[in-house]
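# Reading the structure
Okay, here's what each chain looks like letter by letter:
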Amino acid sequence: MLEVACALIVDGDKLLLCRRHPNGSQGGLWEFPGGKCEPGETLPQALARELKEELCLDLEIGHHLGTSEHHYGNKGVRLHGYHCRWHPQAITLTGSHDRYLWVEPGDIELQTLAPADLPLLRALIRQQGSLPNNGAIDRAGHST
Ligand SMILES: Nc1nc2c([nH]c(=O)n2[C@@H]2O[C@H](COP(=O)(O)OP(=O)(O)OP(=O)(O)O)[C@@H](O)[C@H]2O)c(=O)[nH]1
């Protein structure tokens, strides 16, 4: 199982999503920025490093929101989501992603999101108690 840490970066009612580069695995899917935990790192340390490497961001890693598991073919991923509060700074994509987007959680097109991310999105919505605009996810976090 791959241990992966990702950040649900929140600025007001918007959440930061990044699109995986089309040439890589799960190419074209939107995800929360982050990456694999290396030996000797804690998950928050790995996440802070990945945010710097992938987006040139310097952010404080907040509380653990939840963990989800998903199998992509024969590759198992255990995805640990952390809440992060945004501090204004430049976002520079360094190669893992080809786009980024600030979006309201309820407006996310779920079929374009990496499947492992869905439970973490639900956990954020539950925690924020926010209702989506388009009915894609209800308050309990079930997709319709
Ligand atoms: N960073 C990140 N990875 C995610 C998310 N959701 C998800 O399923 N993953 C998976 O977790 C793994 C994280 O690897 P990584 O971000 O270091 O990317 P990578 O290109 O080196 O992975 P690769 O070994 O699949 O090529 C990938 O298999 C990726 O598809 C997410 O929200 N953020």
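In the annotation of an unreviewed UniProt entry, the chain is listed under the name 8-oxo-dGTP diphosphatase and assigned to Ferrimonas sediminicola. Recorded in UniProt under Sequence similarities (unreviewed entry), the annotation for the chain is "Belongs to the Nudix hydrolase family." Check the Cofactor (unreviewed entry) section of the UniProt entry for the chain; it says "Mg(2+)".

### Points about the side chain of His83
Along the chain, His83 falls in strand S6 (residues 75-85). Aside from chain neighbours lying at most four places away, what touches His83 is Leu8, Val10, Ile61, Gly62, His63, Leu65, Leu124 and Gln127.

### Observations regarding the layout of surface pockets
Its volume calculated, the largest pocket comes out at about 510 Å³. If you trace the largest pocket, you find 26 residues lining it, with Val4, Arg20, Glu31, Gly34 and Gly35 closest to the centre. Elements that contribute at least two residues to the lining of the largest pocket include exactly strand S1 (2-11), strand S4 (34-36), helix H1 (43-55) and S6. For the lining of the largest pocket, a count of residues per class yields 9 nonpolar, 9 polar and 8 charged.

### A few points about the site of the ligand
Looking at the ligand, there are 17 residues lining it, with Ser25, Phe32, Tyr72, Lys75 and Asp117 nearest. Residue Lys36 places a side-chain N or O atom 2.6 Å away from an oxygen atom belonging to the ligand. One of the side-chain nitrogen or oxygen atoms of Asp117 is found 2.5 Å away from an oxygen atom of the ligand. Contact with the protein chains removes 81% of the 600 Å² of surface that the ligand exposes when unbound. More than half of the atoms belonging to the ligand lie within 2 Å of the grid points that define the largest pocket. Counted by class, the shell around the ligand contains 8 nonpolar, 4 polar and 5 charged residues.

Conventions we followed
- Residues numbered from 1 in each chain as written.
- Predicted model: local features only at pLDDT ≥ 70, side-chain atom pairs only at ≥ 80, totals over all residues.
- Heavy atoms only, no water.
- UniProt positions renumbered as here; feature names shortened; annotations may be inferred.
- Helix = DSSP H or I, 4+ residues; strand = E, 2+ residues; numbered from the N terminus.
- Contact = heavy atoms within 4.5 Å.
- 1 Å grid on protein atoms, 1.4 Å probe; cavity = no way out; pocket = protein on both sides within 12 Å on 5 of 7 lines; lining within 4 Å.
- Points joined across faces, edges and corners; volume = space filled by probe spheres on them.
- Nonpolar A, V, L, I, M, F, W, Y, C, P; charged D, E, K, R; others polar.
- Near = heavy atom within 4 Å.
- Polar contact = N/O pair within 3.5 Å; in protein donor to acceptor, adjacent residues only side chain to side chain.
- Areas by Shrake-Rupley, 256 points an atom, 1.4 Å probe, with all protein chains shown as cover.
- Sits in = over half its atoms within 2 Å of the grid points.

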